[in-house]
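Structural overview
Listed below are the residues making up each chain.
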Amino acid sequence: MSTSIESVLVENRVFPPNEEFVRNAVIPGMDAYKALYKEAEDDFEGFWRRQANEHLRWTRPFTQVLDSSGAPFYKWFADGELNVSYNCLDKHVEEGRGDQTAIIFEADDGAVTPVTYKALLGRVCRFANGLKAAGYKKGDTAIIYLPMSIEAVVAMQACARLGIIHSVVFGGFSAKSLHERIVDVGASVVITADGQYRGGKALPLKPAVDEALSQSNTEKVRSVIVYRRTGGDTHWVDGRDIWWEDFEQGQSDECEPVVMNSEDPLFILYTSGSTGKPKGVQHSSAGYLLWAMLTVKWTFDQKPGDVFWCTADVGWITGHTYVAYGPLAAGLTQVVFEGVPTYPNAGRFWDMIGRHKVTTFYTAPTAIRSLIKASDADAKVHPDSFDLSSLRIIGSVGEPINPEAWVWYYKNVGKERCPIVDTWWQTETGGQMITPLPGATPLKPGSCTLPLPGIFAAIVDETGEDVPNGKGGFLVIKKPWPAMIRNVWGDSERYKNSYFPAEYRGYYLAGDGAQRDNDGYFWIMGRIDDVLNVSGHRLGTMEVESALVSHELVAEAAVVGRPDATTGEAVVAFVVLKRDRPHGDEAKEIAKQLRDWVAKEIGPIAKPKDIRFGDNLPKTRSGKIMRRLLRVVAKGEEVTQDVSTLENPAILEQLTESV
Ligand code: WTA
């Protein structure tokens, strides 16, 4: 963190939008932004009423905008009715855009499959009819465990069409993580694939489903629908498993959308918090959709003819809002990519931008940093070797973008012509919250700049009092917004305690530390809780710790984050074994076992980069692990703080040794 703050201090250039861009923008200039912001300030409910009426198709119009009577359990547009899938698909077909390409799918091996809005609607309806025929209905819950594919979007939209609440599990998560989520949402159906292609390799998916379903509390799952992607032998449970093509065989490509109440849950998505168990973030139908669509329009300045590409997997919130819902609601043409940025080489993204004439590109700082490295090493994969002239806007999401990466992205990808939208938001916020508007906001590298209209972001101290600009504090959102989290699935207490703790005056507490500069720009400093951000993926230190201590060799473990030049943060684990402290090759061997164990327990993204063994952990005399100290040790910095309260100062020496 400290390195990025230092570099922020040396990077003080401001990049205003160019005039031509401003003239043609959806929100043209700072005055237009300020006017919208003021509209929301002066008449909060009127502002949201207008947006919801202008942007959504309602089967039954709402009369009440916001119901705060049960705060912090807010309701938006509560007596309105609509269907999300109708708003994403039928609307465009009815308005004559049926032949427009909705999705350009590019497979790992480069094969391209375009699908029009009309064809996508037909596919969603067929699959939805299959679900209906199998007895699934509104209020049921479905687990989706699919690779990036048209099928993933079809499955999500089909659930939305029928009011089945979906919970997508990222394909990189283990059978154990999958099992936890199947049980927690109470799923009755799992939609998966036999396998997936990534970087030229076929990787199995279905075995994880089989393993998860062989465990307890999964009896509710009646069907497993399997999309055939990689082929080959697949373990099969007769009566439970069915191939996707058989499932939708003979189904009509028309399916009446089910009328949903605004507040009916659309999906649940699990994310890491500060305790061991991931939280099921519950989102609504109308409010979520409104914000997904509006932010696509505002933040990305999207207009007919734009080709949008968000590289996030549908297993994350970014892939929900900016792949499965937002771009479709806004009627865009979007690229969906199965593969990885480095296959067949690290020029893949730039090559695809050129071939598909992408105008809007949205990715994570981790990807940018790894591609900087690759293009430094090999000019053939440098953005300069590709035609990026179609680009208008480039974006960043998921973690702070360090000013060096920002400037590289701006120069080499955006050619100093495309604004960068550095978007701050979270799984819980449903959509972008603090971000530049490409035709309005002067950009400062490393700052996510200003809140969107209708979003009342602020920095406060631990009593909820505003802190002056230039002073660090806790990032809060003072008023509710339509796409906000509605609950933690099955755990209302956790919802209240995590996001609306009493000291913060009813504000939404984001869990990030931040400060504003003298222009009111927001600078995010990172999480204030025990959540790490590794390659833009949220990971709880407690989650990794509980995985480690569940290994038979481990007595105790403490996990901290360390700044990492590529992944943002890296996982460092301090481990005490039940046996003696291992050395040399044996230590290496055990460290490998533990890494593989964590991959099996959570998923490969959670593997510790660095494991260190000690006879004990540094603890205070009252027995608390001194994590602050461990963070210093993890960075390889000298411990300057007072260690006199330590029970066992000699331990520190051991823990400086990496295996
Ligand atoms: C971090 C991803 C700095 C932040 C959409 C937040 C960011 C967490 C940015 C949410 C950004 C996200 N600048 N930090 N532009 N965007 N973060 O739930 O710490 O996976 O709390 O949502 O990522 O991660 P999540």
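Residues numbered from 1 in each chain as written. Predicted model: local features only at pLDDT ≥ 70, side-chain atom pairs only at ≥ 80, totals over all residues. Heavy atoms only, no water.

This next bit is on helix 11 (residues 286–299). Each α-helix turn comprises 3.6 residues. Residues three or four places apart therefore point the same way. Between its first and last C-alpha atoms helix 11 spans 20 Å; for 14 residues at 1.5 Å apiece the expected length is 20 Å, and the two agree. Looking at the residues trailing helix 11, positive phi occurs at D301, about 50°. (Helix = DSSP H or I, 4+ residues; strand = E, 2+ residues; numbered from the N terminus. Expected span 1.5 Å × (residues − 1).)

What follows covers the UniProt feature "binding site: ATP" (unreviewed entry) in the protein. The feature "binding site: ATP" (unreviewed entry), as given by UniProt, occupies G398, E399, P400, D422, T423, W424, W425, Q426, T427, D512, R527 and R538 in the numbering adopted here. Relative to the assigned elements, T423 resides in strand 20 (residues 420–423). Not counting the four nearest positions on each side in its chain, T423 is found in contact with T299, Y362, S396, V397, Q432, I434 and T435. A polar side-chain atom of T423 sits 2.6 Å from a polar atom in the side chain of Y362. Its place among the elements puts W425 in the loop between strand 20 and strand 21 (457–460). Leaving out residues up to four positions away in the same chain, W425 has contacts with I317, T318, T321, Y322, Y362, V397, G430, G431, Q432 and M433. A distance of 3.1 Å separates polar atoms of two side chains, one belonging to W425 and the other to Y362. (UniProt positions renumbered as here; feature names shortened; annotations may be inferred. Contact = heavy atoms within 4.5 Å. Polar contact = N/O pair within 3.5 Å; in protein donor to acceptor, adjacent residues only side chain to side chain.)

Per the UniProt entry, the sites bearing "domain: AMP-binding enzyme C-terminal" (unreviewed entry) are residues 543–624 in this numbering. As a span, residues 543–624 carries 30% helix and 30% strand, and end to end its C-alpha atoms are 18 Å apart.

Here we have 7 strands laid out as an open sheet, ordered 5-4-17-16-18-19-20, and mixed in their pairing. Either end of the sheet is taken by a strand with one partner, and the two such strands are strand 5 (112–116) and strand 20. Each neighbouring strand pair of the sheet contributes to a mean axis angle of 20°, computed without reference to strand direction. Summarising the sheet, strand 16 (residues 307–310) and strand 18 (residues 360–363) pair through 3 bridges and their orientation is parallel. Considered in strand 18, the bridge of W309 is made with F361. Its contacts with the sheet place helix 6 (residues 117–133) against strand 4 (101–106) and strand 5, and it is angled at close to 85° to strand 5. (Pairing = 2+ DSSP bridges. Axes fitted to C-alpha atoms, helices over the stretch in contact; angles between N-to-C directions.)

Before going further, it helps to spend a moment on unusual backbone geometry. In this structure, the amide linkage connecting A71 to the following residue, P72, adopts the cis form with an omega of 5°. Mapping P72 onto the fold places it in the loop between strand 1 (66–67) and strand 2 (75–76). Along the chain, Y343 connects to P344 via a cis peptide bond; the corresponding omega equals 0°. Unusually for a residue other than glycine, K415 sits at a positive phi of about 50°. Secondary-structure assignment places K415 in the loop between helix 15 (403–413) and strand 20.

It is worth spelling out the sheet that holds strand 22 (residues 473–477) at this point. Hydrogen bonds between backbone groups are what pair the strands of a sheet, and the pairing can be parallel or antiparallel. Across the sheet, which stays open at both edges, the 4 strands sit in the order 21-22-24-25 with antiparallel pairing between neighbours. Every interior strand has two partners, whereas the edge strands, strand 21 and strand 25 (522–527), have only one. Adjacent strand axes in the sheet meet at a mean angle of 45° when their direction is disregarded. Of the strand pairs in this sheet, strand 22 and strand 24 (residues 508–516) are connected by 4 bridges, and their pairing is antiparallel.

Side chains that differ in sign of charge can pair as their charged atoms come close. Inspection of every chain in the model, using the stated rule, returns 46 salt bridges. Between D384 and K415 there is a salt bridge, and its shortest N-O distance comes to 2.9 Å. In this pair, D384 is assigned in the loop between helix 14 (365–377) and strand 19 (393–397) and K415 in the loop between helix 15 and strand 20, connecting sequence segments 31 residues apart. What makes D384 exposed here is its relative accessible area of 54%. Residues joined in a network through salt bridges with shared partners are E106, R348, D351 and R355. (Salt bridge = Lys/Arg side-chain N within 4 Å of Asp/Glu carboxyl O. Buried < 20%, exposed > 50% of the residue type's maximum accessible area, 1.4 Å probe, protein only.)

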